[in-house]
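Commentary on secondary and tertiary structure
These are the residues of each chain, in order.
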Amino acid sequence: MSTLILLPAVDVADGQAVRLSQGDASSQTSFGDPLEAAHSFVEQGADWLHLVDLDAAFGRGENTAVLRRVVDALAGRINIELSGGIRDEESLNRALDTGAHRVNLGTAALADMDWVTRAIRQHGDKVVVGLDVRGTTLTARGGAGTFGELFELLPQLGAAARFIVTDVDTDGMMTGPNLQLLRDVCARTDTPVIASGGISTLDDIAAIRELVPLGVEGAILGKALYEGAFTLREALAVANGQ
């Protein structure tokens, strides 16, 4: 069986690494310097980092300088996937200009499907599409609205290089991933899927790895790492089938 790619997350708000529960800005807990967090993941063997500007995602500012500092400091040592508030041409260009390997169009970008389609076509595998889901409804972070039914919109996004699928109800809750949602998405698209939300144990990682043959390519790890449920080294061993 193929390896499951793990992407430890560094979510940045007001210049600090933080974690949320269910994507709720009021649930923020600080974990210090984002670059220190990123360095710790590099030292443990991460190949990818999921770097998020939460202030941009919630429309309350941006941390572009902090994110660029992380990207510049880790150039050549790790691949970086940048996310947070990327919903139009200006924010997309700003994200690409950081030098990140790929960027994640936020669910709110789906309000302009024509632009999303053009961005996918223009930037190819440098662009991934975030699908934040509550039930089967696409829901933007920060209360920015809903954007239709997941399985009705998937065919329109088929040219995307990959999807980041987040079950909002499990995100940051340490209650386990929504495996059925991942199976359902994989059954309806050939686009590789990155799982996000709810991972709390090494068994959860093993369970997601079982979905690799179905189309799950990777998984984003967040709160479980910061709260010490397991180390990234331990998680990578499970993801590699050891």
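Calculation criteria
- Residues numbered from 1 in each chain as written.
- Predicted model: local features only at pLDDT ≥ 70, side-chain atom pairs only at ≥ 80, totals over all residues.
- Heavy atoms only, no water.
- Helix = DSSP H or I, 4+ residues; strand = E, 2+ residues; numbered from the N terminus.
- Rg over C-alpha atoms; globule rule 2.2 N^0.38 Å.
- Buried < 20%, exposed > 50% of the residue type's maximum accessible area, 1.4 Å probe, protein only.
- Contact = heavy atoms within 4.5 Å.
- Areas by Shrake-Rupley, 256 points an atom, 1.4 Å probe, with all protein chains shown as cover.
- Lys, Arg positive; Asp, Glu negative; His and termini not counted.
- Charge placed at Lys NZ, Arg CZ, Asp CG, Glu CD.
- Polar contact = N/O pair within 3.5 Å; in protein donor to acceptor, adjacent residues only side chain to side chain.
- Axes fitted to C-alpha atoms, helices over the stretch in contact; angles between N-to-C directions.
- Parallel < 35°, antiparallel > 145°, perpendicular 65-115°, else oblique.
- Left-handed = near helix turned anticlockwise from the far one by under 90°.
- Salt bridge = Lys/Arg side-chain N within 4 Å of Asp/Glu carboxyl O.
- Phe/Tyr/Trp six-rings, centres within 6.5 Å; stacked < 30°, edge-to-face > 60°.
- Lys NZ or Arg CZ within 6 Å of the ring centre and 35° of its normal.
- 1 Å grid on protein atoms, 1.4 Å probe; cavity = no way out; pocket = protein on both sides within 12 Å on 5 of 7 lines; lining within 4 Å.
- Points joined across faces, edges and corners; volume = space filled by probe spheres on them.
- Core = buried A, V, L, I, M, F, W, Y, C linked by side-chain atoms within 4.5 Å.

**Observations concerning the overall build of the chain**
Counting secondary structure elements, the chain contains 10 helices and 12 strands. What you see for the chain is a C-alpha radius of gyration of 16 Å, in line with the 18 Å of a compact globule of 242 residues. Considering only C-alpha atoms, the chain reaches an extent of 40 × 40 × 35 Å along its principal axes. Taking all 242 residues of the chain together, the buried fraction comes to 57%. The long-range fraction of contacts in the chain, counting pairs at least 24 apart against all pairs at least 6 apart in sequence, stands at 68%. For the chain, the computed accessible surface area is about 9800 Å², with 45% contributed by carbon and sulfur atoms. Here the chain contributes 19 positive and 33 negative side-chain charges, whose respective centroids are spaced 2 Å apart.

**With respect to the side chain of asparagine 104**
Assignment of secondary structure puts asparagine 104 in strand E6 (residues 102-105). Asparagine 104 gets classed as buried once you look at its relative accessible area, which sits at 6%. Of the polar contacts made by the side chain of asparagine 104, one reaches the side chain of serine 83; its length is 2.9 Å.

**Points about the environment of asparagine 93**
With respect to the helices and strands, the residue asparagine 93 is situated in helix H4 (residues 89-97). Here asparagine 93 falls in the partly exposed class, since its relative accessible area comes to 32%. Here the alpha-carbon distance between asparagine 93 and valine 103, two residues 10 residues apart in the chain, equals 9.9 Å.

**Description of the packing of helix H8 (residues 202-209) against helix H10 (residues 232-239)**
The description of two packed helices rests on the angle between their axes and on the distance between the axes. At a minimum axis distance of 9 Å, the contact between H8 and H10 shows a crossing angle of 30°. Between H8 and H10, the crossing angle belongs to the class labelled roughly parallel. Relative to H10, H8 is oriented so that their crossing is right-handed. Two secondary-structure elements touch here, H8 through Leu202, Ile205, Ala206 and Arg209 and H10 through Glu234, Ala235, Val238 and Ala239.

**Regarding the pattern of salt bridges**
Where side chains of opposite charge bring their charged atoms close, a pairing between them can arise. Taken as a whole and assessed by the stated rule, the structure comprises 5 salt bridges. In this structure, arginine 94 engages glutamate 90 in a salt bridge whose closest nitrogen and oxygen atoms are separated by 3.9 Å. Of the two residues, arginine 94 and glutamate 90 both sit in helix H4, 4 residues apart, roughly one turn of that helix. Judged by relative accessible area, which is 34%, arginine 94 ranks as partly exposed.

**A look at unusual backbone geometry**
Phi at aspartate 14 is positive, roughly 50°, even though this residue is not glycine. Along the chain, aspartate 14 falls in the loop between strand E1 (5-13) and strand E2 (16-21).

**Considerations on the packing of aromatic side chains**
In this structure the tally under the stated criterion is 1 aromatic pair. Pairing phenylalanine 41 with tyrosine 226 gives two aromatic rings, centres 6.0 Å apart and planes at 90°, and the pair type is edge-to-face. Residue phenylalanine 41 is found in helix H1 (residues 34-43), and its partner tyrosine 226 is found in helix H9 (residues 223-226); the two are separated by 185 residues along the sequence. Here arginine 102 stacks its cationic end above the ring of tryptophan 48, 3.9 Å away from the centre of that ring. Lying across the ring of phenylalanine 151, arginine 188 places its NZ or CZ 4.3 Å from the centre.

**Some points on empty space enclosed by the protein**
On inspection of all chains with the given rule, the structure shows 4 cavities of 30 Å³ or more. Estimates place the volume of the second largest cavity at around 110 Å³. Around the second largest cavity, the lining comprises 13 residues; the ones closest to its centre are Asp53, Thr64, Gly84, Arg94 and Ala95. For the lining of the second largest cavity, the secondary-structure elements that each account for two or more residues are helix H3 (64-73), strand E5 (79-83) and H4. A per-element tally of the lining of the second largest cavity places H4 first, with 3 residues.

**So, the nonpolar core**
With 73 residues, the main nonpolar core has Val10, Leu131 and Ile205 as its most contacted residues. In contact with valine 10, other than residues within four places in its own chain, are Ala17, Pro34, Ala37, Ala38, Phe41, Leu49, His50, Leu51, Val52 and Tyr226. If you look at the next biggest cluster of nonpolar residues, it comprises 7 residues, including Leu7, Val128, Ile164 and Ile194.

**A closer look at the side chain of threonine 107**
Locating threonine 107 in the fold gives a position in the loop between E6 and helix H5 (113-123). At a separation of 3.0 Å, a polar atom in the side chain of threonine 107 contacts the main-chain carbonyl oxygen of glycine 130.

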